[in-house]
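Architecture at a glance
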Amino acid sequence: MEHIRTPKVENVRLLDRSSGQRKASVGTLYLSATHAIFVENNPETRKETWVLHSMVSSVERPPTTSSGGQLILRCKDFQIFQIFIPQERDCLDVHASLARLSRPEKYSELYCLSFNPNVNKEEREESWNFIDLAADYKRMGVPNNLWVATAANSEYRVCDTYPSELFVPKSATPAIIVGSSRFRSRGRFPALSYFHQDTLAAVCRCSQPLSGFSGRCQEDEMMLQALMKSNPGSDYIYVVDTRPKLNAMANRAAGKGYENEDHYTNIKLQFIGIENIHVMRSSQQKIVDVGEMRSPSVTDFLWGLENSGWLKHIKAILDAGVFVARAVADEGVSVLVHCSDGWDRTAQACSVASILLDPYYRTIRGLMVLIQRDWVSFGHKFSHRYAHLDRDPKEVSPVIDQFLECVWQLSEQFPCAFEFNERFLIAIHAHVYSCQYGTFLGNSQKERRDMRLHERTHSVWPQLWKDRGKYTNPLYKAEQSQSQGVLRPNTSPYCFKMWKGLYNHAEKSTPPRQSPADFLSAVREESQQLEEELTNHQERIAELTGKPITWEKIEVPRRRTSCLPQRHSGPDPPTLYREPIASLAQDSSHTLSSAPANQKTHTKEPALSLPLGPHGQLKSHDPDDLSTCSDLESGVADLSSRSSSGGDVGKDPDLE
Amino acid sequence: MEFAEHIKTANVEDVVLRQPLQPPSRGTLCITGHHLLFSDREESDSRQVLLLLRNIDAIEKSVENLTGYSGFFSNASHSERMSGSSGTITMKCKDLRVLQLDIPGMEQCLNIAHSIETLSCLDCVSAMYPFFYRPVDLSLPEQWGLSSPEMHYSQMKELYEKWRLSTVNRDYSVCPSYPPAVIVPKSIDDDTLKKAAKFRQGGRFPVLCYYHKKNGMVIMRSSQPLLGANRKRCKEDELLLQAVIEGSDKGYIIDTRSMQQAQQARMTGGGFESKSFYDRWKRFHRQMERGKALQESLIKLVEACGDESNNMDRWLSKLENSKWLSHVQNALSTAGLLVECVERDGHSVLVHGSEGTDCSLLISTLAQLIMDPCCRTMEGFLGLLEREWIQARHPFQQRCAHSAYSHARLQQESPVFLLLLDCVWQLWRQFPLALGFSEALLLRLATEVYASDYGTFLCNSDQERCALEVKERTHCLFRALLRPTERDYYSNPLYERTELAIWPSVHPQSLQLWKGYFLRWTQQVRHLEEAQEEIRNMVIEWGKLARS
C-alpha cells in the first residue's frame, strides 16, 4: 500500500475507448493494492470498472488541459482507458501510483499471491491436479516399448528449465541423455512432446546444438539415432529448425547453430523461418496500432496490415505446424523441433502440430492439457515474455498470443472442428497476462516449485472448466468429419485475417451484432431440454399404457420460444457514412451517444450525464424503434458481461 | 438448328475432364448449340457435367503432336492415331470455375475449341438458351415476374393520397428505359412529366422507387439533369421535384459522382441541380466507381485470388490494389448516408449519377434492404431486385457480357450487380439473423446473371424484352426460385424478422472478402458450407423437438 498516495479521487471521468464508448462517465476512482476501481456516480447503475494493476502495460500522462489532468491506461489485453482528473495534483499522484503499481518488482506483489477465492485448502490442492499430464501421455500410449519415462532430470539436475518427468526413446541411456544435454543450449536435450499412435511417429523437441562451425558430440548423435530407431516405420527423422536459416547460421559464430548433416546419419534438416521474439514484439505493436485506427480507409487498413507483417508471422508458425503434422501423419516420420533455446518457436510449432494431429487437443480440456504440457511444463518463460515483473523489456514478446491466434485462424477455417469458441482463447490470453492465478507464473517448473506456488496460489484450469458453458462452440460435434482425424488446413494467404476479437475492441462493440453462435447455443440447450422432456413423456405414456410408444418425427416449421435471448441488434451509429451535415450536426452528436453500443457496455446510461440521451432521441423519431430497443437491452447486456471480462478478471468482492 | 454450322465435331470419346475439388474423370464429351456435356464412363457411379457455353468466359488451347507425321502413313488403327496427338482446352468460366479438357486428337481439339469460342459469345439474344429451355415440370407462366409496377402500386395503399401511377410511358416514347407505368407525385400531370423527361438524360425523369412507411418519406431515382454549359433550367423538372417534398422543409440529392465529375459533366450536356433553381434541395456528392474501373477492379481481384505464390505481403498488396473492398465500403457507406437521410433525418431523397442505371440502383437497393424489413424476406428481396434492376433497367446484357477472365476488349462490361450481391453478403454476414435468404441465393444469382437457363437477366430494358417476347417465351428465374423445394434450400434457417434498420458497419475490419464467391472452388469454402449445413440441421432438429 505504500505506493498509493491518493486512494480515492472524486469527480473523475472515465472513457473506455476500446469498447467504443464515446462519452465519458463521471464517478469516483479508487486505488487498491491490486486494482484501480472506477465507480460511476449514477445512482441507478453504480457501474464498476476494475482494472488489475498487472494488466496495465503503460500509463501515459498527456499534457494538462484547462479541464484538468488526463491519464491513458493501455492494458495488456488491448483495452484502453482514458481518465480525466480535475485536480492536477491528484492526477500526478494517481499517475505515480499506477506507474509503480503496474510494474511489480517482486513476485510477492502479484495478485495471485493475495487472491483468495472462497475455497478451502483441499480444493486448492485438488485444483492443481485438475490437469494430469501423465494421464495425457497414457492417452497417447506412452510409455510403451518405444518410449520410456526417464528419471534423468529428477530434481532438475540435467536441465533446470525442463520438467522432472520426461519421455525419451527406450534406447537412450542416462549417459546419452546427459551427454546430449551438455551439447544443447541450456541443457535442453531432445524429449518427447507428442506420440502419434496411428503411425508410431513422434514429435520431439530440444534446443539448438552447441556445434559452432565444427563441433560434434557423440552422445547427441546417438540421441538422434535413438529417436530415429524409436519409430520402426522410418529410417530417418526430420530436424526442423524453426528459425530463418540466416539466423541459425549466425548462431554458429557464437558456438551454437544447427545440426551438421554430415555428422548425423539419417536426418533431414528443414528450416522454417519464424522470426525471433524482437521482430514479433514490434510486429504486434504495429497490428495493435492498426486495430486502434479510428476510421481508416480500406487502403490504409490493408496497407497497415501488410506493413505490420503480423499475418505473415502467423502463417509461418502455422506452416511450421503443418510441416510437422504432415511428416508425422502422412509420411510417418518422426520430427525433432528446435529453435534457439527451444522454448518459444519450438513451443509454437509443437503445439500447433499437436492441435492438427490430435482431435483431443481441439476440445476445451484438451487445449488446457496442451498448453500445460508444451508451454507451462516445458519451460516457456511466461514471466519474462508477458512482463509479469518489471524486468528487461527486450525479453517481452507475444509468443503464446501467436499460438492462440493460430488456433483461432484454424477455428475460422474449420468452424465445426473445435469444441471451444473465441472467448475461450481470449480468456486464456487474459489469464496469461493477468497473474490472477498461479498457473502461468514463473519461467519453469523448478521456479514454480521453489516459489511453492501450489500452496500459495490457485490453478486457473478448474475455473475455466467451470465456465465452459460460455466457452462452448455450438457447432462442434465430436462425431463430425471436421472434428476427427488430422486437420489439413489451407495456409494460402487469403485464409488469414486480422483477429478482430482480440485486437479491435472498439469495432467489436460498436454494433452488438447478431451472433449465430449464441443463438445456436441457446437452441442446443433448449433442444436437449425438449429431448429430455420428450423421453420423460414417452416413459410416462409407456407406463400408463403398458406399451412403448415410438414418436413419429414429422417435418414441422420452426417455432420461436420466448426463453431464447433476444438476438437482434439495434441501430448502429452511422458516423462513418458522412461528415456531419450542418443542419444535422446537433442530431449526429446525439447519434454518437445514443449508440446502442453504449447501451451494451452500460446497461443503463446514467440519466444525468445524458440529458438528451438515446431514449428521448429515438422516441422522437420512432416509438416502435424504442420498444424493440429497450427489449433488446436485456439480451445485449448479457453479452457485455462476458466480453468485458478482460479488464475485470480480478473483480472479486472478497478482495477488500 | 443454325448452330450446326459452328459444330464440326459434336462428340469425342476418351476425354479427360479436370475440375476443381474433384478427381479427374474420363468420358465422352458432347457439344450442342448451348451446352457442353460430359459424361463419365464409370458404369456404377456415372457423373455428368452440363455446362452452359454462355458460362465460358475465356478459353485457352494447346495442342501437341507426339508422333509427328508417321501416324498418317502407317496403317495404325484409329485409336492409335488419336493417342499420337492431343490437345488441352482450359475453360475459364464466368462463375470463376476453371475446367480443363484433355482431348485426344489435335483436329478434334481444335474443332471443339472453335465451337466453344463461337457459341459462347453469340450476340443474338433470341438464339440464347432461355428461349429453348423447357423443363418438363414447368410450363411457361401466365405471369412473368413476381409483380408489375401496376400491382406494386395497387398494393401500396399509403401511396394513394399523394402519388399516382402514370402511364405516360406506355409506348416507351418518353423514356425507352423505363417500364410503361411509373409512380409520380399526384399533382404532376403527364405533360409536365414529358417536359421534365426531356431535361433528363435518356428521359429518366424522377420517379418514386421507395416509400418509407414509418414517416412517409421517399426515395426517388432519375438520371442527371441536362443543364449543359449554358446552365439551362427546366421549370417542369423543378415543379416535379418541388411536388416530391411538398409539406416538408427540404429534400436531399445524393449524386453518385464527385463534385468535380458533376461539374465536368456540364461540358457534355449534363450537370447537376444547382442551388439557385432547386433551393430546397441539398446535394451530397459521393464518388462511386463504375464502368470500366469497376470491371478492372474485379479482374484484379480474381487474379489476386488465383495467385499461387503463397506470399502474404503479395496477397495483401494485391487485395489492396484491386480496390474491390474499397468499392464495397463506398457502396455501403453511400447507402448508409441515404438511409440516414430518410430514416434518421426524416427527409426525402433523390438519387442519381449520370445515367441513373448503375450506381443509383445499387445504393437505392441497399438502402431499402437496410431500412425495410419487407425487403429482407426472400420474396421481398427478389421483388426488390425485380423493381430496381429489371423494371427500372440495369443494362444486364451489356454489363454482364463478360466476367473477370475474358481477354476480349472491354466494352460496356461492369460488375455493378455483382458488387450489389457482395454488399448484400456483407449485410448477411454482419446480421446473420436479419435476412430471410442465405448466401446460397446470392451465389445462385451471381451465377445466373452471367449465364442462365432463365430469361430474367436477358436484354437491356423492358422495351427490348417486349420486342423479343422474353416474357412469353422464357421462364422467369425469380418465380422458379420461389418454388417450395428451391425456397427451402435458399432460405436462411436463422431468419427472424426485425423491424429495426440494420446499419452496416463500414469499418474495413468489418468488411471481408466474399470467399464464398471469389474462392468458391477451393477446399476451404467447403468447410464453411459444412458449418452452414450444420446450422440448418440444428435448427430443423430443434423445430421438430419444439413441435413434439
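Residues numbered from 1 in each chain as written. Chains lettered and ligands numbered in written order. Predicted model: local features only at pLDDT ≥ 70, side-chain atom pairs only at ≥ 80, totals over all residues. Heavy atoms only, no water.

The name given to chain B in an unreviewed UniProt entry is Myotubularin phosphatase domain-containing protein, with Astatotilapia calliptera as the source organism.

Chain A is annotated in an unreviewed UniProt entry as Myotubularin phosphatase domain-containing protein from Astatotilapia calliptera. Under the UniProt heading Sequence similarities (unreviewed entry), the note attached to chain A is "Belongs to the protein-tyrosine phosphatase family. Non-receptor class myotubularin subfamily." (UniProt positions renumbered as here; feature names shortened; annotations may be inferred.)

Right, let's talk about the overall build of chain A for a bit. The secondary structure content of chain A amounts to 25 helices and 14 strands. For chain A, the residues scored as buried account for 59% of the 656 residues in total. The contacts in chain A between residues at least 6 apart in sequence include a share of 71% that link residues at least 24 apart. Counting every atom, chain A has about 26900 Å² of accessible surface; 50% of that belongs to carbon and sulfur. (Helix = DSSP H or I, 4+ residues; strand = E, 2+ residues; numbered from the N terminus. Buried < 20%, exposed > 50% of the residue type's maximum accessible area, 1.4 Å probe, protein only. Contact = heavy atoms within 4.5 Å. Areas by Shrake-Rupley, 256 points an atom, 1.4 Å probe, with all protein chains shown as cover.)

One finds Leu367(A), Ile371(A), Phe403(A), Leu366(B), Leu445(B) and Phe518(B) to be the most contacted residues of the largest nonpolar core, which totals 237 residues. Beyond its immediate chain neighbours, meaning those up to four positions away, Leu366(B) contacts Ala331(B), Leu332(B), Ala335(B), Leu420(B), Cys423(B), Val424(B) and Leu427(B). Residues Phe3(B), Ile31(B), Cys109(B) and Ala113(B) belong to the second largest nonpolar core, which totals 25 residues. (Core = buried A, V, L, I, M, F, W, Y, C linked by side-chain atoms within 4.5 Å.)

Residue and element names in this part refer to chain A. Both faces of strand β14 (residues 335–338) are covered, namely the face carrying Val335 and Val337 and the face carrying Leu336 and His338. One ladder, built from 3 bridges, connects strand β11 (residues 201–205) with β14; its direction is parallel. Its bridge partner lying in β14, Cys204 is registered against Leu336. Sheet topology places strand β12 (residues 237–241) next to β14; 4 bridges connect them, and they run parallel. Paired with Asp241 across the bridge in β14 is His338. (Pairing = 2+ DSSP bridges.)

Residues and elements named next belong to chain A. Of all 5 residues in β11, 5 are buried; the element is thus mostly enclosed. Of the two faces of β11, the one lined by Ala201, Val203 and Arg205 and the one lined by Ala202 and Cys204 are each fully buried. Where strand β10 (residues 191–196) folds back on β11, the antiparallel hairpin that results is connected by 4 residues, among which Leu200 adopts a positive phi of roughly 65°.

Another aspect to go through is the packing of aromatic side chains. Residue and element names in this part refer to chain B. The final tally for this structure, using the stated rule, is 40 aromatic pairs over all chains. Ring centres of Phe381 and Phe437 lie 4.3 Å apart, and the angle between their planes is 20°; this geometry places the pair in the stacked category. Remark: Phe437 occurs in the loop between α14 (416–430) and α15 (439–448) and Phe381 occurs in helix α12 (residues 378–391); sequence separation between them is 56 residues. Considered together, Phe381 and Phe437 belong to a single accessibility category, that of buried residues. With a centroid separation of 5.0 Å and 85° between ring planes, the pair formed by Tyr517 and Phe518 is classed as edge-to-face. Look at Tyr517 and you get buried, because its relative accessible area is 1%. We classify Phe518 as buried; its relative accessible area is 7%. (Phe/Tyr/Trp six-rings, centres within 6.5 Å; stacked < 30°, edge-to-face > 60°.)

Here the focus is the UniProt feature "active site" (unreviewed entry) in chain A. All names here are of chain A. Look at the UniProt record and you will see "active site" (unreviewed entry) annotated at Cys339. By the element assignment, Cys339 lies in the loop between β14 and α10 (345–357). By relative accessible area, Cys339 is classed as buried at 3%. Not counting chain neighbours up to four residues away, the residues in contact with Cys339 comprise Cys206, Ser207, Gln208, Asp241, Thr242, Arg243, Asp344, Arg345 and Thr346.

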